[in-house]
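Observations on chain architecture
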Amino acid sequence: MQVAVLLSPGVTAFEALGPYGVFRRVPGARVRLVADAPGRIPTQGSSVALLADSVMEEYPAPDVVVVPGGIGIRRLVEDERALAWVAGAHESSEWTTAVSTGSVLLAAAGVLEGDATTHWLATELLEEQGAHAVAERVVRSGKVLTAEGAAAAVEMALDVVARMVDPSTALRIREELDVDELGPM
């Protein structure tokens, strides 16, 4: 399983690292933090930076696409290179996912049809991109999963693992992460 997590300046750190922490525990998975250029990516609201290890074009066809949110999404919605990568990666992915405002980028790239969730402050922005916003923790629309925010990011990633690998692997990872507040799988 190849997973690409898209980073951009202003990304919300946990929205990237939550799914990263889940997918890196899947046996044989290769998880890459991708961006427009390798290197340090400043996160939203802190002095923490994430390290992009690859250029997004080096991973044109991941099995799983993860688009975390953050204030950087507003810039990406107008970035033709990022929009093209998301659209192209979605064509061959098994699952395309977004956390919080990351769903706005999916909608802008034309890969989000139907219902989606996002951070409650970005509901109008999501609908401006043509998606139908619903207030739920995790929403599935075809092969697209969206999570309303950082708190639901791990739940969403575990859902993908349960579907792509098996439920027992997802449960093992959940237990390793000691995430009791997620409720039943």
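Reading the values: rules and limits
Residues numbered from 1 in each chain as written. Predicted model: local features only at pLDDT ≥ 70, side-chain atom pairs only at ≥ 80, totals over all residues. Heavy atoms only, no water. Helix = DSSP H or I, 4+ residues; strand = E, 2+ residues; numbered from the N terminus. Buried < 20%, exposed > 50% of the residue type's maximum accessible area, 1.4 Å probe, protein only. Pairing = 2+ DSSP bridges. Arc of directions from axis to C-beta.

**Quick look at unusual backbone geometry**
Its identity is not glycine, yet Ser100 carries a phi of approximately 55 degrees, on the positive side. Structurally, the position occupied by Ser100 is in the loop between β7 (95–99) and α4 (102–108). Ser100 sits in the buried class, given a relative accessible area of 3%.

**Observations concerning the pairing of strand β3 (residues 39–42)**
Each regular strand displays side chains that alternate between the two surfaces of the sheet. Inspection of the sheet shows β3 paired to strand β4 (residues 49–52) by four bridges, in the antiparallel sense. Paired with Pro42 across the two strands is Ala49, which belongs to β4. In this antiparallel pair of consecutive strands, β3 and β4, the connection spans six residues, and Gly45 shows a positive phi of 70 degrees.

**Comments concerning the pairing of strand β10 (residues 138–141)**
Across the two faces of β10 the burial differs, with Val139 and Ser141 buried and Val138 and Arg140 not buried at all. As paired strands, β10 and strand β11 (residues 144–147) are joined by four bridges and run antiparallel to one another. Looking at β11, one finds that Ser141 is bridged to Val144. Counted between consecutive antiparallel strands, the loop separating β10 from β11 contains two residues, among which Gly142 sits at a positive phi close to 65 degrees.

**Brief notes about helix α7 (residues 167–177)**
Inspection of α7 places Thr169, Ala170, Ile173 and Arg174 among the buried residues, and these make up the whole buried set. Projected onto a plane normal to the axis of α7, the buried residues spread over an arc of 140 degrees and lie on a single side. Turned more than 90 degrees from where α7 packs its buried face, Pro167, Ser168 and Glu175 sit exposed. In the segment just after α7, Asp178 is the residue with positive phi, at about 55 degrees.

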